[in-house]
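# Understanding the architecture of this molecule
Listed here are the chains, written in short residue letters.
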Amino acid sequence: MKNDLTFKKTIVVGAGAMGIGIAQVLSQAGVRVFLYDIDLAGVKKALEKLEKIMERLVAKGKLERVESREILKRITPIESLAKAQGAQVVIEAISENIKLKRDLFQELEEISPADTIFATNTSSLSIASLAKGLNHPERLIGIHFFNPAALMPLVEIIPSMATRPEIVSDCKNWLMQMGKSPVVAKDSPGFIVNRVARAFYGEAMNIYEQGIATPDTIDWAMTSLGKFKMGPFLLTDFIGQDINYSVSESVWTQFYFEPRFRPNISQKRLVDQGWLGKKTGRGFYIYEEGSAISNPVRDEVLGNSILERILALLINEALSALEDRLCSLEDLETAMVKGVNYPMGLIEWTKKIGPDKILQILKDLLNHTGDARYRPTALLQEWVSKGKLELK
């Protein structure tokens with residue numbers, strides 16, 4: 001076990017895909033992990049899956065067999081939370097249900113020492129809402145890993161208004177010791193990635209709904225011309241249309257129905273129909289033998305107009321986030337590159353295209369549609385008028 005780790009003993013609650021992924025990350029870094037789930041059979045299955053992952057890593061030469069055994073040995077399944085003695089951090093990775101999470105933290109508070117840190121892996125619930133009812137809300141923090149946790153470097157750290165500042169710095173140092181790229185965000189709907197990335201999906205669907213291009217043509221534009229790893233339609237099919245729509249609706253509702261986050265009817269109808277993407281064999285694409293049927297129109301003029309329009313919305317939202325002091329500029333760029341694999345940071349991209357061009361695209365869309373989702377942020381307008389980006 002590494003001696004330089006800030007925290008050496010943890011509990012992970014929840015043995016689903018995220019829970020076992022987080023347990024793997026911690027154990028590979030040398031952290032002792034107690035794994036708990038109300039479903040004991042689920043814990044056994046999760047550990048069996050992890051054992052197979054370790055075997056594959058050994059076979060590929062990415063891990064020594066002795067090391068793989070040590071990683072598995074550091075994860076101990078427990079039947080009761082009370083059996084995890086001396087845990088310094090508890091990371092919750094159960095379903096996105098506010099009552100279940102609150103009940104869990106209140107139970108943990110009764111059995112845990114006063115200095116134990118409680119962390120939630122929520123991707124959509126406010127940290128303040130989860131801290132409600134705790135006698136010591138200052139010990140609760142958001143630590144949001146991205147799926148798959150073992151491969152994705154980004155972790156969002158979200159303190160509530162009550163979280164002790166030293167917990168933020170300790171968690172950030174700890175994650176860096178494990179080789180992760182942590183960023184700090186305010187307790188705001190969607191945090192960084194799920195807020196800013198809404199424009200990637202939403203504006204693509206607007207273009208489709210307006211009859212400008214088909215999903216496969218839009219995806220072709222974003223991947224072939226924009227160099228994104230996946231286009232918005234294939235990506236939402238991969239995520240699951242139900243899951244992606246639920247996040248969009250949640251962010252929209254939490255922002256008091258702000259037009260920039262308004263969900264799309266085309267996606268809602270897929271969810272209503274039960275066409276949820278790859279997992280059901282149909283979403284925006286039809287799948288045959290696991291592959292999406294695609295025949296895009298490879299028109300570079302059309303493709304570049306699609307790319308610039310989606311980028312304009314992404315950049316506008318990134319600047320809105322900075323305007324709201326959601327996070328630092330550096331953390332914003334890191335989040336979008338390492339959390340959703342964007343080819344470059346959105347502020348860097350703005351400098352490449354020119355903020356004046358982005359502003360004009362938004363103004364043209366606003367004038368043409370009358371839709372308030374295209375309102376340019378004050379920060380973008382100031383950037384153009386002053387010739388430089390000034391953050392207050």
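See the structure above.
Residues numbered from 1 in each chain as written. Predicted model: local features only at pLDDT ≥ 70, side-chain atom pairs only at ≥ 80, totals over all residues. Heavy atoms only, no water.

## Details of the overall build of the protein
Within the protein one finds 17 helices and ten strands. Relative to the 2.2 N^0.38 estimate, which gives 21 Å for 392 residues, the radius of gyration of the protein is 22 Å and therefore close to what a compact globule would have. In terms of its C-alpha atoms, the protein occupies a principal-axis envelope of roughly 60 × 50 × 40 Å. The buried share of the protein, reckoned over its 392 residues, is 52%. Contacts spanning at least 24 positions in sequence make up 69% of the contacts within the protein whose residues lie at least 6 apart. On the protein, roughly 18,100 Å² of surface is accessible, and the fraction owed to carbon and sulfur atoms is 51%. (Helix = DSSP H or I, 4+ residues; strand = E, 2+ residues; numbered from the N terminus. Rg over C-alpha atoms; globule rule 2.2 N^0.38 Å. Buried < 20%, exposed > 50% of the residue type's maximum accessible area, 1.4 Å probe, protein only. Contact = heavy atoms within 4.5 Å. Areas by Shrake-Rupley, 256 points an atom, 1.4 Å probe, with all protein chains shown as cover.)

## Looking at a positive patch on the surface
There is a patch of like positive charges on the surface, built from K45, K49, K52, R56, K60 and K62. With a relative accessible area of 59%, K49 lands in the exposed category. (Patch = residues over 30% accessible without salt bridge, like charges linked within 9 Å, V, L, I, M, F, W, Y side chains within 5 Å. Salt bridge = Lys/Arg side-chain N within 4 Å of Asp/Glu carboxyl O. Lys, Arg positive; Asp, Glu negative; His and termini not counted. Charge placed at Lys NZ, Arg CZ, Asp CG, Glu CD.)

## What about the packing of aromatic side chains?
Counting across every chain of the model gives twelve aromatic pairs. Residues F105 and F118 carry aromatic rings whose centres are separated by 5.9 Å and whose planes lie at 25° to one another, so their mutual orientation is stacked. Of the two residues, F105 sits in helix α4 (residues 98-111) while F118 sits in strand β5 (residues 117-120), which places them 13 residues apart along the sequence. With relative accessibility at 0%, the residue F105 sits in the buried group. Each ring, one from F200 and one from Y342, has its centre 5.7 Å from the other, and the planes form 45°; the classification is tilted. Highlighted residues: F200 in helix α8 (residues 198-209) and Y342 in the loop between α14 (329-339) and α15 (346-353), separated in sequence by 142 residues. As far as the burial class goes, F200 and Y342 line up, both buried. Aromatic ring contacts, followed pair by pair, group F200, Y201, F228, Y342 and W349 into a single cluster. When the ring centre of W275 is taken as reference, the NZ or CZ atom of R282 above it lies at 3.8 Å. (Phe/Tyr/Trp six-rings, centres within 6.5 Å; stacked < 30°, edge-to-face > 60°. Lys NZ or Arg CZ within 6 Å of the ring centre and 35° of its normal.)

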